[in-house]
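# Report on the structure
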Amino acid sequence: MSLMIDCSNNQLTGLPQSLGKCLYLSELKASNNCIASLPKELENCMKLIKVDFEGNRIIELLENIVSSWTMLIEFNASKNLLNCIPENIRRLSRLIRLDLHQNRISSIPSSLNGCSSLAEFYLG
């Protein structure tokens, strides 16, 4: 069983904490909104394989959320306000595509080497 949620282009300012109860959530699309932060409850969505937060106002990716998404293969957080890439990104060993272009990121952590399946990485 898998579940996909697309709440893109809705002028959302946040995501509900109740998303953390969607234990079978495999794809989450919330692009082109006004989201500034992610609810920590998203760490419970451990079956996520695709996440798209492009075009929001996200400032930070919480370490505990990122580290729980070990099944993730595609992650798009481009066109946000991110200043850094979380150190624990190394836990995403299945990640194939990481898109972080048009953010405020000035350095790449060496822990990105842990993403052993990474084939596409966009930054700048």
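Up top you'll find the structure we're talking about.
## Description of unusual backbone geometry
For Asn9, which is not glycine, the phi torsion reads 60° and is therefore positive. Relative to the assigned elements, Asn9 resides in the loop between strand S1 (3-6) and strand S2 (25-29). Positive phi is not limited to glycine here, since Gln102 has a value of about 60°. Along the chain, Gln102 turns up in the loop between strand S5 (97-99) and strand S6 (120-122). The partly exposed category is assigned to Gln102, whose relative accessible area is 47%.

## What to know about the packing of aromatic side chains
Applying the stated criterion across every chain, the model contains two aromatic pairs. Aromatic pair Phe53 and Phe75: ring centres 6.5 Å apart, planes at 85°, arrangement edge-to-face. Placement of the pair is Phe53 in the loop between strand S3 (50-52) and helix H1 (63-68) and Phe75 in strand S4 (residues 74-76), with a sequence separation of 22 residues. Exposure remark for Phe53: the relative accessible area of 0% places this residue in the buried category. A ring pair is formed by Trp69 and Phe75, whose centres lie 5.9 Å apart and whose planes are at 80°; its orientation type is edge-to-face. Taken as a pair, Trp69 and Phe75 share a single burial class, namely buried. An aromatic cluster of three or more residues is present, and its members are Phe53, Trp69 and Phe75.

Cut-offs used in this document
- Residues numbered from 1 in each chain as written.
- Predicted model: local features only at pLDDT ≥ 70, side-chain atom pairs only at ≥ 80, totals over all residues.
- Heavy atoms only, no water.
- Helix = DSSP H or I, 4+ residues; strand = E, 2+ residues; numbered from the N terminus.
- Buried < 20%, exposed > 50% of the residue type's maximum accessible area, 1.4 Å probe, protein only.
- Phe/Tyr/Trp six-rings, centres within 6.5 Å; stacked < 30°, edge-to-face > 60°.

Function cannot be inferred from these measures alone, as they are strictly geometric.
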